[in-house]
Amino acid sequence: MVSRVRVWLNRTYAENVFFMDQLRRNPSDRAVEIHATHGDADSPVLAAADTAELEPEGLSPAGYVEYALAQCRRRGIDVFVPRLHQSAIVAHRAEFEAVGTALLAPPPEAVAVFQDKVVAYEAVQAVGVPVPPWFRVRGADELLAAVEELEAGGHRACFKPASGAGGVGFRMITRSPFSLTHLSGFPTPYVQLDLVLDALRRSEEPVDWLVMPRLEQPEVSVDCLTGPDNRVRLAIGRVKNGRRRGFTLQDQWLEPARLVVEGFGLHYLSNVQFRMFGDTPVLMDVNTRPAGGLHQLSLCGVNVPWLAVQLALGEDPGTVTPPFLGQDYTVVAGPRPLRPVSIPQQRPETEAPLLPAVPAPAQPGSVQTGAALPL
């Protein structure tokens, strides 16, 4: 009898409820149990997991590693997909292997390169991957100089933190004076240059921003599955153009993504994002973790989360070609159940054969998560 696979996701994005669904519906018909931890008791990933716990707050990276090792020992975790404190965790890969846990994450050297966007841009440019013009700024004078240089070239300037994820802190610069017009309708990512400069000059702490031209659509996110031998097993681009989404296998997107993931050893699941600068696709960002939209590749007939777990377990699936490219689609919100109590009920620890997973009954609370629907 083939043993169950025990997978842990720590403080992951709500959209990864679909990642979890795909693991349970794997084509190998292998029993999968999922453990989830989070700092938010109302995270839908806690409700979707078989066992779950609230994470302790205030742990240092080193303290979190000790917590994670204890979780893996106590829960019998086979594969750990770390998001929170990923860099600290992968530095202790041997310790996790010693307790029988494989880390579904790149080695520490690869994670370190892409923690800082300036370091990442310099590194990928050196291996021939195009990047947009960029400026690192830490104060008002540097910001003004960067904006003026970009505007002189006919570009609209934007900025984002030099380290960060998920588009947090991204803003676009405008010179339009603040007025009641900006208070009508929905909030926008545009901020007035004079207000930003004034805030920087009044701040007692420096910022660390990357200033660059606003890049144009389409945005193409290339999801990659790469082995510990640095060889890509699967690469598919997800194309975003406004509301419309689709898929691509065109070399102009996949080849630079391969250069990045193979050249820097981004093992297992990673995501390389591009946009257009004029007529040239340029690198926008690199994620050393599974993208929140990875599950959308199921529309191409592939179960990438399960392929990654197989690879982490040493069951190499080899090179995988999607049997087809799915039709264009869009993403809409839908309800997911939440647990009615702050600490989710636990499945009893047992070695008995697992019953097939069934959807949890609807609870009084729900949260909106994005599901893909065809256009």
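Definitions and cut-offs
- Residues numbered from 1 in each chain as written.
- Predicted model: local features only at pLDDT ≥ 70, side-chain atom pairs only at ≥ 80, totals over all residues.
- Heavy atoms only, no water.
- Pairing = 2+ DSSP bridges.
- Helix = DSSP H or I, 4+ residues; strand = E, 2+ residues; numbered from the N terminus.
- Axes fitted to C-alpha atoms, helices over the stretch in contact; angles between N-to-C directions.
- Contact = heavy atoms within 4.5 Å.
- Salt bridge = Lys/Arg side-chain N within 4 Å of Asp/Glu carboxyl O.
- Buried < 20%, exposed > 50% of the residue type's maximum accessible area, 1.4 Å probe, protein only.
- Expected span 1.5 Å × (residues − 1).
- Parallel < 35°, antiparallel > 145°, perpendicular 65-115°, else oblique.
- Left-handed = near helix turned anticlockwise from the far one by under 90°.
- Nonpolar A, V, L, I, M, F, W, Y, C, P; charged D, E, K, R; others polar.
- Patch = residues over 30% accessible without salt bridge, like charges linked within 9 Å, V, L, I, M, F, W, Y side chains within 5 Å.
- Areas by Shrake-Rupley, 256 points an atom, 1.4 Å probe, with all protein chains shown as cover.
- Polar contact = N/O pair within 3.5 Å; in protein donor to acceptor, adjacent residues only side chain to side chain.
- Phe/Tyr/Trp six-rings, centres within 6.5 Å; stacked < 30°, edge-to-face > 60°.

**Looking at the sheet that holds strand β7 (residues 157-161)**
Move 1: Spatially, β6-β10-β7-β8-β9 is the arrangement adopted by the five strands of the open sheet, whose pairing is mixed. Every interior strand has two partners, whereas the edge strands, β6 (135-137) and β9 (190-192), have only one. Across this sheet, the average inter-strand angle for adjacent strands is 35 degrees, counted without regard to direction.
Move 2: Of the strand pairs in this sheet, β6 and strand β10 (residues 209-213) are connected by three bridges, and their pairing is antiparallel. Among the inter-strand pairings, Arg136 is bridged to a residue of β10, identified as Leu210.
Move 3: Packed onto the sheet, helix α8 (residues 140-152) meets β6, β7, β8 (171-174) and β10 and runs at close to 155 degrees relative to β6.
Move 4: Against the sheet, helix α9 (residues 193-202) makes contact with β7, β8, β9 and β10, and its axis sits at roughly 65 degrees relative to β9, the strand it touches most.

**Here we look at the sheet that holds strand β3 (residues 51-54)**
Move 1: Judged by pairing direction, the sheet is parallel, and its five strands sit side by side in the order β3-β2-β1-β4-β5 without closing on themselves. Because the sheet does not close on itself, it has two edges, and the strands there are β3 and β5 (102-103).
Move 2: One ladder, built from four bridges, connects strand β2 (residues 32-38) with β3; its direction is parallel. Within β3, the residue paired with Ala36 across the bridge is Ala52.
Move 3: The strands that helix α1 (residues 17-24) touches are β1 (5-10) and β2; relative to β2, the one it contacts most, it runs at about 165 degrees.

**Some words on the pattern of salt bridges**
Move 1: Following the criterion strictly, the structure yields 23 salt bridges and no others.
Move 2: Here Asp229 ties to Arg231 by a salt bridge, and the two come within 3.7 Å at their closest N and O atoms.
Move 3: Among the residues examined, Asp229 registers a relative accessible area of 45% and is labelled partly exposed.
Move 4: Linked through salt bridges whose partners overlap, the residues forming this network are Asp229, Arg231, Arg233 and Asp316.

**Digging into helix α3 (residues 61-75)**
Move 1: Between its first and last C-alpha atoms α3 spans 21 Å; for 15 residues at 1.5 Å apiece the expected length is 21 Å, and the two agree.
Move 2: Listing the buried residues of α3 in full gives Tyr64, Val65, Tyr67, Ala68, Leu69, Gln71, Cys72 and Arg75.
Move 3: Packing partners of the buried residues in α3 comprise β1, β2, β3, β4 (79-81), α4 (86-90) and α5 (93-98).

**Topic: the packing of α1 against helix α11 (residues 304-312)**
Move 1: Running from N to C, α1 and α11 cross one another at 65 degrees; their axes reach a closest spacing of 8 Å. In terms of their interaxial angle, α1 and α11 are classed as roughly perpendicular. Where α1 crosses over α11, the two elements pack in a sense that is right-handed. Here Phe19, Gln22 and Leu23 of α1 lie close against α11, whose contacting residues are Pro305, Trp306 and Val309.
Move 2: Considering only residue class, the contact of α1 with α11 consists of five nonpolar, one polar and no charged.

**What to know about the packing of α8 against α9**
Move 1: One way to put it is that α8 packs onto α9 with a least axis distance of 9 Å and a crossing angle of 155 degrees. When the axes of α8 and α9 are compared, the pair comes out roughly antiparallel. Contacts from Ala140, Asp141, Leu143, Leu144 and Val147 in α8 reach Leu193, Val196, Leu197, Leu200 and Arg201 in α9.
Move 2: Of the residues assigned to the contact of α8 with α9, the class counts are eight nonpolar, no polar and two charged.

**Regarding a nonpolar patch on the surface**
Move 1: A cluster of nonpolar side chains, namely Phe178, Leu180, Leu183 and Leu195, defines an oily patch on the protein surface of about 460 Å² accessible area.
Move 2: Relative accessible area serves as the criterion here: at 69%, Leu180 is assigned to the exposed category.

**Topic: the side chain of Asp116**
Move 1: By secondary structure assignment, the location of Asp116 is in the loop between α6 (108-113) and α7 (117-126).
Move 2: Judged by its relative accessible area of 18%, Asp116 is buried.
Move 3: Within polar-contact distance, the side chain of Asp116 engages the backbone nitrogen of Val118 at 2.8 Å.
Move 4: If sequence neighbours within four positions are ignored, Asp116 has contacts with Arg136 and Ala162.

**Some words on the packing of aromatic side chains**
Move 1: Within this structure, the stated rule accounts for nine aromatic pairs.
Move 2: When the ring of Phe114 is compared with that of Phe264, the centres are 5.5 Å apart and the planes differ by 85 degrees; the resulting orientation is edge-to-face. In this pair, Phe114 is assigned in the loop between α6 and α7 and Phe264 in the loop between α10 (251-263) and β14 (268-277), connecting sequence segments 150 residues apart. The residues Phe114 and Phe264 share a single accessibility class, namely buried.
Move 3: Ring geometry for Trp253 against Phe274: centres 6.3 Å apart, planes inclined by 55 degrees, an arrangement best described as tilted. With Trp253 in helix α10 and Phe274 in strand β14, the pair connects residues that are 21 residues apart, well separated along the chain. Note on accessibility: Trp253 and Phe274 belong to one class, buried.
Move 4: Feature note: the residues Trp8, Tyr64, Tyr67, Phe80 and Phe96 constitute an aromatic cluster, connected by ring pairs.

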